[in-house]
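Residues per chain are reported as follows:
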Amino acid sequence: MSIRTAVAAPFREEGGTELGESAFVVALSLDRDWFSPDQAKRLVDVAASEGLLRRENGTLITRFDPQTVEIPDGFEPDESILMERSTFERVLGAVVEAGEEKQTAVASINGLQSELGVTVEAAAVLYAHRQGIDVQELANAARSEL
């Protein structure tokens, strides 16, 4: 499941966009029992690297509106979200979250890559843009990887 959903949960519960890092860790590890405290801290690191959170003097600030994130009944994140993802994986994740079928998106991205002779990251960003999905920060990351 989505890293954005896991990150949003404690903020939705508090009703804001700022939360102390220790409160975030407690919410995910003790309150929800989704992760160990160390794993919850790792989630903070991954979410910050992916541009979902910003750290500021011990406070976590979301870079998205957590109130707009749907948390399905019975949602429980998979430990795989604790691993950093490549720019391609992050763009593909954004495309899938926007409702595109993963297999269709991958096939289209691969087609663009072959047709245009660009990196898979550049093709993914172009595909997302053509679908009306805002991946500007990821586009900057893809550009820096060239």
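One structure accompanies this document, and this report is about it. (Residues numbered from 1 in each chain as written. Predicted model: local features only at pLDDT ≥ 70, side-chain atom pairs only at ≥ 80, totals over all residues. Heavy atoms only, no water.)

Here the focus is the pairing of strand 2 (residues 53-56). Both strand 2 and strand 3 (residues 59-62) contribute to a ladder of four bridges, which runs antiparallel. Residue pairing across strands places R55 opposite L60, the latter belonging to strand 3. Linking strand 2 to strand 3, which pair antiparallel, is a turn of two residues; within it N57 sits at a positive phi near 50 degrees. (Pairing = 2+ DSSP bridges. Helix = DSSP H or I, 4+ residues; strand = E, 2+ residues; numbered from the N terminus.)

A word on the sheet that holds strand 2. Strand order in this open sheet of three strands is 1-3-2, and the pairing throughout is antiparallel. For this open sheet the edge positions go to strand 1 (18-20) and strand 2, each flanked by a neighbour on one side alone. Each strand axis lies, on average, 30 degrees off the axis of its neighbour in the sheet, ignoring direction. In the packing of helix 1 (residues 3-14) onto the sheet, contacts are made with strand 1, strand 2 and strand 3, and the angle to strand 1 comes to roughly 100 degrees. Across the face of the sheet, helix 3 (residues 37-49) comes into contact with strand 2 and strand 3 while running at roughly 110 degrees to strand 2. (Axes fitted to C-alpha atoms, helices over the stretch in contact; angles between N-to-C directions. Contact = heavy atoms within 4.5 Å.)

Attention shifts here to unusual backbone geometry. Of note in this structure, D33 is not a glycine but carries a positive phi near 60 degrees. Of note, D33 is situated in the loop between helix 2 (21-31) and helix 3. For D33, a relative accessible area of 58% corresponds to the exposed category. Unlike most non-glycine residues, N57 shows phi in positive territory, near 50 degrees. Examined against the element boundaries, N57 turns out to sit in the loop between strand 2 and strand 3. (Buried < 20%, exposed > 50% of the residue type's maximum accessible area, 1.4 Å probe, protein only.)

Quick look at the pairing of strand 3 now. In terms of strand pairing, strand 1 meets strand 3 through three bridges, oriented antiparallel. Within the sheet, the bridge partner assigned to G20 lies in strand 3 and is T59.

I3, V7, F24, F35 and L43 are the most contacted members of the largest nonpolar core, which totals 25 residues. Those elements giving two or more residues to this core turn out to be helix 1, helix 2 and helix 3. In terms of residue count, helix 1 provides more of this core than any other element does, six residues in total. Apart from the residues within four sequence positions on either side, F35 is in contact with L28, S29, A40, L43, P77, I81 and L82. Counting 17 residues, the second largest nonpolar core, distinct from the first, contains I109, L112, V125 and A128. (Core = buried A, V, L, I, M, F, W, Y, C linked by side-chain atoms within 4.5 Å.)

Such coordinate-based values are descriptive only and should not be taken to indicate function.
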